[in-house]
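Overview (structure and organization)
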Amino acid sequence: MKRREFVKQTAVTAGLLTIGGAGLSSFSENKTKKITILHTNDVHSHIDPFGPEDGRNSNKGGVARRATIIENIRKENPNTLLLDAGDIFQGTPYFNFYGGELEFKLMSMLKYDVVTIGNHDFDNGIGGLHAQMPYAEFKFVSANYDFTNTVMDTLVKPYEIIIKDNIKIGIFGLGIALEGLVMKDLYKETKYLDPIEIAQDMSAILKNTEKCDLVICLSHLGYDYKNEPDKVCDLSLAKATENIDLIIGGHTHTFLKEPTIVKNRKDRAVLVNQVGCYGLYLGRIDFYFDGQKNKTSEGRAIII
Ligand SMILES: [Zn+2]
């Protein structure tokens, strides 16, 4: 019997089988699979929790508590990815004293998978970022920063692909225009490429060529600019592109309780999420894939 026919037949009789030996492996392909995406953005060197005097943020945040929450979620679902949308650096004396070494070492301990680069990650110059790379046991993606002729060349890929439970996840990065935001002396020869064009190219490669089941954009473009409607943001990016399933944003420190749903060029839903700043929250989106790899999702922000 051909394998496909066998699967079909066992599917028909599935209701009758309670315990089975033969054919059990075929059933597993029809099982719902769950991929959990955890994410942070704009942590800005916040390592300790906020103190009791810090008003509405008092006693919130901190790497230790984030580590415990992540560990518990990984126990519940080993098919979990941990991502960051940039601005890892700048904001506390830890950065001024150690230049980002501590941030990268702690993120490595928390087993971050992939991150993108924010404007403040250039605050000690591209050389300062480069100097901390030996401490980063996670991957950097940016598709619209061209680092040719800089020290970061070859250390940052346009995208990464991670496979969890046979689900192929493609993750590409987008950064904000550096001109006018960061001194040229700091970013040197880094070239900024149009994020919409690049996003179209990257998402097409990931969806059509690489056959990813889930396409994620890690963006430091910002959620929305109400007073500057022509400025590219995550909402306009979602609308103007196709093939992206989820945009995880940063830069504007926007706190969303749950992802915003935007219709893309092909009228398909794109989730756009961002969870404030300073490590106060952890974003969580669970994707469920059926046997045909159709997906549904559920998202929320976790207070740390
Ligand atoms: Zn920021």
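In terms of nonpolar packing, the biggest core is built from 59 residues, with Phe104, Phe122, Phe140, Phe172 and Leu282 touching the most fellow members. Those elements giving two or more residues to this core turn out to be helix 3 (63–76), helix 5 (101–109), helix 6 (125–132), strand 7 (167–174), helix 8 (195–209), strand 9 (214–219), helix 9 (234–240) and strand 12 (269–273). Broken down by element, this core gets its largest block of residues, five residues, from helix 8. The residues contacting Phe104, other than those within four sequence positions of it, are Ile88, Phe89, Leu129, Gln132, Met133, Tyr135, Ala136, Phe138 and Phe140.

Pairing is mixed in the open sheet, where six strands are placed in the order 6-7-9-10-12-11. Strands with a single pairing partner mark the edges of an open sheet, and in this sheet they are strand 6 (159–164) and strand 11 (260–263). For this sheet, the mean inter-axis angle between neighbouring strands, taken without regard to orientation, is 25 degrees. Relative to strand 12, strand 11 is paired through four bridges, and the arrangement is antiparallel. Looking at strand 12, one finds that Ile261 is bridged to Leu271. Against the sheet, helix 8 contacts strand 6, strand 7 and strand 9, and its axis sits at roughly 165 degrees relative to strand 7.

Geometry of an aromatic ring pair is reported as the spacing of the ring centres plus the angle between the planes. Applying the stated criterion across every chain yields a total of ten aromatic pairs. When the ring of Phe50 is compared with that of Tyr278, the centres are 6.3 Å apart and the planes differ by 50 degrees; the resulting orientation is tilted. Here the residue Phe50 occupies a position in the loop between strand 1 (33–40) and helix 3, and Tyr278 occupies one in the loop between strand 12 and strand 13 (281–289), the gap between them amounting to 228 residues. In this structure Phe50 comes out as buried when scored by relative accessible area, which is 15%. Chaining the aromatic ring pairs together yields one cluster made of Phe89, Phe95, Phe104, Phe138 and Phe140. The lysine or arginine in question, Lys231, covers the ring of Tyr225, its NZ or CZ lying 4.3 Å from the ring centre.

Two faces belong to every sheet, and in a regular strand the side chains alternate between them. Of all six residues in strand 9, six are buried, a share of seventy percent or more. What you see with strand 9 is no split at all: Leu214, Ile216 and Leu218 on one side and Val215, Cys217 and Ser219 on the other are buried throughout. In the sheet, strand 7 pairs with strand 9 via six bridges, with the strands oriented parallel. Bridge pairing in strand 9 links Leu174 to Ser219. One ladder, built from three bridges, connects strand 9 with strand 10 (residues 246–248); its direction is parallel. Of the residues in strand 10, the one forming a bridge with Cys217 is Ile247. After leaving strand 9, the chain enters helix 9 and then returns to the sheet as strand 10, a path that is right-handed.

Okay, the sheet that holds strand 1 next. Strand order in the open sheet made by the six strands is 4-3-2-1-13-14, with mixed pairing throughout. With one partner strand each, in any of the chains shown, strand 4 (139–140) and strand 14 (295–303) form the two edges of the open sheet. Direction of pairing for strand 1 relative to strand 2 (residues 80–84): parallel, over a ladder of five bridges. Within strand 2, the position partnered with Thr36 by the bridge is Thr80.

Definitions and limits used
Residue numbering note: each chain is counted from 1, following its sequence as written. Given that the model is predicted, a residue must reach a pLDDT of at least 70 before its local features are reported, and side-chain atom pairs must reach 80 or more before they are shown or counted; all residues, however, enter totals for whole chains, interfaces and linings. The side-chain values count all of the structure's non-hydrogen atoms but skip hydrogen atoms and water molecules. Nine residue types can take part in a nonpolar core, namely buried Ala, Val, Leu, Ile, Met, Phe, Trp, Tyr and Cys, and a core is a set of them joined through side-chain atoms within 4.5 Å. Accessible area is worked out with a 1.4 Å probe on protein chains only. A residue is then buried under 20% of its type maximum, exposed over 50%, and partly exposed in between. Per the convention used, a helix needs a DSSP run of H or I reaching at least four residues, while a strand needs a run of E reaching at least two, with both numbered from the N terminus. Residue contacts are counted whenever heavy atoms from the two residues lie within 4.5 Å of one another. We call two strands paired when DSSP finds no fewer than two bridges between them. The angle between two axes is taken between their N-to-C directions and runs from 0 to 180 degrees, where each axis is a line fitted to C-alpha atoms and a helix contributes only its stretch in contact. For this analysis, a ring pair means two rings from Phe, Tyr or Trp (six-membered ring only for Trp) whose centres lie within 6.5 Å, classed as stacked if their planes differ by under 30 degrees, edge-to-face if by over 60, and tilted for the remaining angles. Consider the ring centre and the ring normal. A charge sits over the ring if Lys NZ or Arg CZ is within 6 Å of that centre and within 35 degrees of that normal. With its strands directed away from the observer, a crossover is right-handed exactly when the path from the first strand over the helix to the second travels clockwise.

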